[in-house]
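# Survey of secondary and tertiary structure
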Amino acid sequence: MGHAYTQYTSGLIYSHQAGAINEAYSDIWGETVDLINGYQDTGENLALRTGCGSSLRWRMGEDASAFGSPIRDMWNPPCNGDPGKVTDGFITVVMGIVAVFILIQEFLIMLMLCW
């Protein structure tokens, strides 16, 4: 749902930095919706992250059986073997942008849960 919304409302071209922002923004909103709605699969650990393997929070595709493990780690892309920036024109998560959005989203989630 996040990808469709971003694609049809942002006007971002899916290439280089704009594509990375598109991808990051879409994934962040998808994870945020899951966290706000309390969506959690059986046995899934969504505790706050303290290290690369500490929880599944902010990991994308964690239930995708075709891959055997999450396909993207937005908390720290190198934890999943991905670069933390756009390299050679390939679209990956831009760590600076993602870090700011994750901090904001974590704050909003905590605020909503305490409200």
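Okay, so let's go over this structure. Because the structure is a prediction, the values reported are computed rather than measured.

### Digging into the overall build of the chain
Within the chain one finds 3 helices and 2 strands. Each helix and strand of the chain, ordered N terminal to C terminal, gives the series α-α-β-β-α. Expressed as a percentage of the 115 residues in the chain, the buried residues total 30%. Looking at the chain alone, contacts between residues at least 24 apart form 41% of all its contacts between residues at least 6 apart.

### Some details on the state of the cysteines
As enumerated under the stated definition, the model contains 1 disulfide in all. The disulfide partner of cysteine 52 is cysteine 79, and the gap between their sulfur atoms is 1.9 Å. The S-S bond linking cysteine 52 to cysteine 79 shows a torsion near -65°; that makes this disulfide left-handed. Of the two residues, cysteine 52 sits in the loop between helix H2 (16-36) and strand S1 (59-60) while cysteine 79 sits in the loop between strand S2 (72-73) and helix H3 (95-114), which places them 27 residues apart along the sequence. For cysteine 52, a relative accessible area of 40% puts it in the partly exposed group.

What counts, and at which threshold
Residues numbered from 1 in each chain as written. Predicted model: local features only at pLDDT ≥ 70, side-chain atom pairs only at ≥ 80, totals over all residues. Heavy atoms only, no water. Helix = DSSP H or I, 4+ residues; strand = E, 2+ residues; numbered from the N terminus. Buried < 20%, exposed > 50% of the residue type's maximum accessible area, 1.4 Å probe, protein only. Contact = heavy atoms within 4.5 Å. Disulfide = S-S within 2.5 Å.

By themselves, these are just geometric observations and shouldn't be taken as functional.
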